[in-house]
Amino acid sequence: MLSGPGGVGKGTIAAALVAEDPNLWLSRSWTTRVQRPGEPDTAYVFVDKAEFMAHAAAGGFVEWAEIAGNLYGTPMPDPPEGRDVLLEIDVQGAGQVRERHPEALCIFVEAPSSAEQESRLRGRGDPEHHIAERLALADAERVLAYELNAVHVVNDRLDETVAAITGIIEEARRSRPDNDGIGAPLC
Ligand code: 5GP
């Protein structure tokens, strides 16, 4: 699982990881958030609240959470045989996944500074109230990440961050017990 405060570059990192590692499979989340200008249709399954809640009630999500007034959820993963699942989710969701999959690796990505995080949020066109909310949330998210025993990575240069995370995933693959038949372990 790849977690971290808004604006640290998780989406870009996740895309780079799956582009480089054919054994990784990126889950596509559902959200009730409005699609941003220029955001691809494939970024999320965009649904309204009623559809989201109906899917949650039917047990269709591994986890779901409300973030800054919008709902986000991970559908039950259905990766091709032998692929590890990569989730790009917030720390509340990561905690829920950990309860079901204690072996799941959690990587918490941070921006080099809050000033940098703020400028990244602004650069992608987030509304001002959303920026303030995401910055205020970052400290609480950091605390939760420590509780989850997440591996912390500072995203300064994208290529270095991707290389560091690739190394962490490889190490986790080497040290995990053989797949027990429950399905591909979550990354
Ligand atoms: P954004 O609206 O900027 O795309 O995402 C807001 C936050 O929601 C990010 O921290 C992102 O990691 C998180 N997120 C995206 N998908 C999911 C999901 O399926 N579950 C949870 N819990 N968080 C998600």
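Up top is the structure these notes are about.
Residues numbered from 1 in each chain as written. Predicted model: local features only at pLDDT ≥ 70, side-chain atom pairs only at ≥ 80, totals over all residues. Heavy atoms only, no water.

Visitor: What is the right way to look at the overall build of the protein in this model?
Guide: Of the regular secondary structure elements, the protein holds six helices and nine strands. Taken against the 2.2 N^0.38 rule, which gives 16 Å for 187 residues, the C-alpha radius of gyration of the protein at 16 Å falls within 12% of a compact globule. Based on the C-alpha atoms only, the size of the protein along its principal axes is roughly 45 × 40 × 30 Å. The proportion of buried residues among the 187 residues of the protein is 42%. For the protein, contacts bridging at least 24 residues in sequence account for 64% of all contacts bridging at least 6. Working note: accessible area of the protein is about 9,700 Å², and carbon and sulfur atoms make up 53% of it. When the 17 positive and 31 negative side-chain charges of the protein are each reduced to one mean point, those points stand 2 Å apart. (Helix = DSSP H or I, 4+ residues; strand = E, 2+ residues; numbered from the N terminus. Rg over C-alpha atoms; globule rule 2.2 N^0.38 Å. Buried < 20%, exposed > 50% of the residue type's maximum accessible area, 1.4 Å probe, protein only. Contact = heavy atoms within 4.5 Å. Areas by Shrake-Rupley, 256 points an atom, 1.4 Å probe, with all protein chains shown as cover. Lys, Arg positive; Asp, Glu negative; His and termini not counted. Charge placed at Lys NZ, Arg CZ, Asp CG, Glu CD.)

Visitor: Mind showing me how you'd approach the site of the ligand here?
Guide: For the ligand, the set of nearby residues contains 18 residues, the closest of which are Ser29, Arg33, Tyr44, Tyr72 and Asp90. Within the contact set of the ligand, an oxygen atom lies 2.6 Å away from a side-chain nitrogen or oxygen of Ser29. A distance of 2.5 Å separates an oxygen atom of the ligand from a polar side-chain atom of Tyr72. Out of a free accessible area of 510 Å², the ligand has 96% covered by protein chains. Counting residues per element, the ones that place at least two in the shell around the ligand are strand S5 (61–67) and strand S6 (70–75). Considered class by class, the residues forming the shell around the ligand number five nonpolar, five polar and eight charged. (Near = heavy atom within 4 Å. Polar contact = N/O pair within 3.5 Å; in protein donor to acceptor, adjacent residues only side chain to side chain. Nonpolar A, V, L, I, M, F, W, Y, C, P; charged D, E, K, R; others polar.)

Visitor: What should I look at first to understand the pattern of salt bridges in this one?
Guide: When the charged atoms of two side chains lie near each other, side chains of opposite charge can form a pair. Going through the model one piece at a time under the given rule, you end up with 14 salt bridges. With its nearest N and O atoms 2.8 Å apart, the salt bridge here joins Glu110 to Arg142. Of this pair, Glu110 sits in strand S8 (residues 107–110) while Arg142 sits in helix H5 (residues 128–147), placing them 32 residues apart in sequence. Using a relative accessible area of 25% as the deciding quantity, one classes Arg142 as partly exposed. (Salt bridge = Lys/Arg side-chain N within 4 Å of Asp/Glu carboxyl O.)

Visitor: Before we go on, may I ask you to explain the sheet that holds strand S1 (residues 2–3) in this structure?
Guide: The pairing of strands in a sheet happens through backbone hydrogen bonds and is either parallel or antiparallel. The three strands are arranged S1-S8-S9 in an open sheet whose pairing can be described as parallel. The outermost strands of the open sheet, each flanked by one partner alone, are S1 and strand S9 (151–154). Relative to S9, S8 is paired through four bridges, and the arrangement is parallel. By the bridge assignment, Ile107 is partnered in S9 with Val151. The sheet contacts of helix H6 (residues 158–175) involve S1, S8 and S9, and relative to S9 the element is tilted by about 165 degrees. (Pairing = 2+ DSSP bridges. Axes fitted to C-alpha atoms, helices over the stretch in contact; angles between N-to-C directions.)

Visitor: Explain the packing of helix H4 (residues 114–123) against H5 here, please?
Guide: The contact between H4 and H5 brings their axes to 10 Å, and the two run at 150 degrees. As judged from the angle between their axes, H4 and H5 are roughly antiparallel. In the crossing of H4 with H5, the sense of the turn from one axis to the other is right-handed. Contact residues: Ser114, Gln117, Glu118, Leu121 and Arg122 in H4; Glu128, Ile131, Arg134, Leu135 and Ala138 in H5. Residues that form the contact of H4 with H5 fall into these classes: four nonpolar, two polar and four charged. (Parallel < 35°, antiparallel > 145°, perpendicular 65-115°, else oblique. Left-handed = near helix turned anticlockwise from the far one by under 90°.)

Visitor: Just to check I follow, could you spell out the sheet that holds strand S3 (residues 30–31) for this structure?
Guide: Read across the open sheet, the four strands follow the order S4-S3-S6-S5; overall the sheet is mixed. What marks the edges here is a single partner per strand, and that holds for strand S4 (45–46) and S5. Bridge count between S3 and S4: two bridges; the pairing is parallel. The partner of Thr31 across the bridge, within S4, is Phe46.

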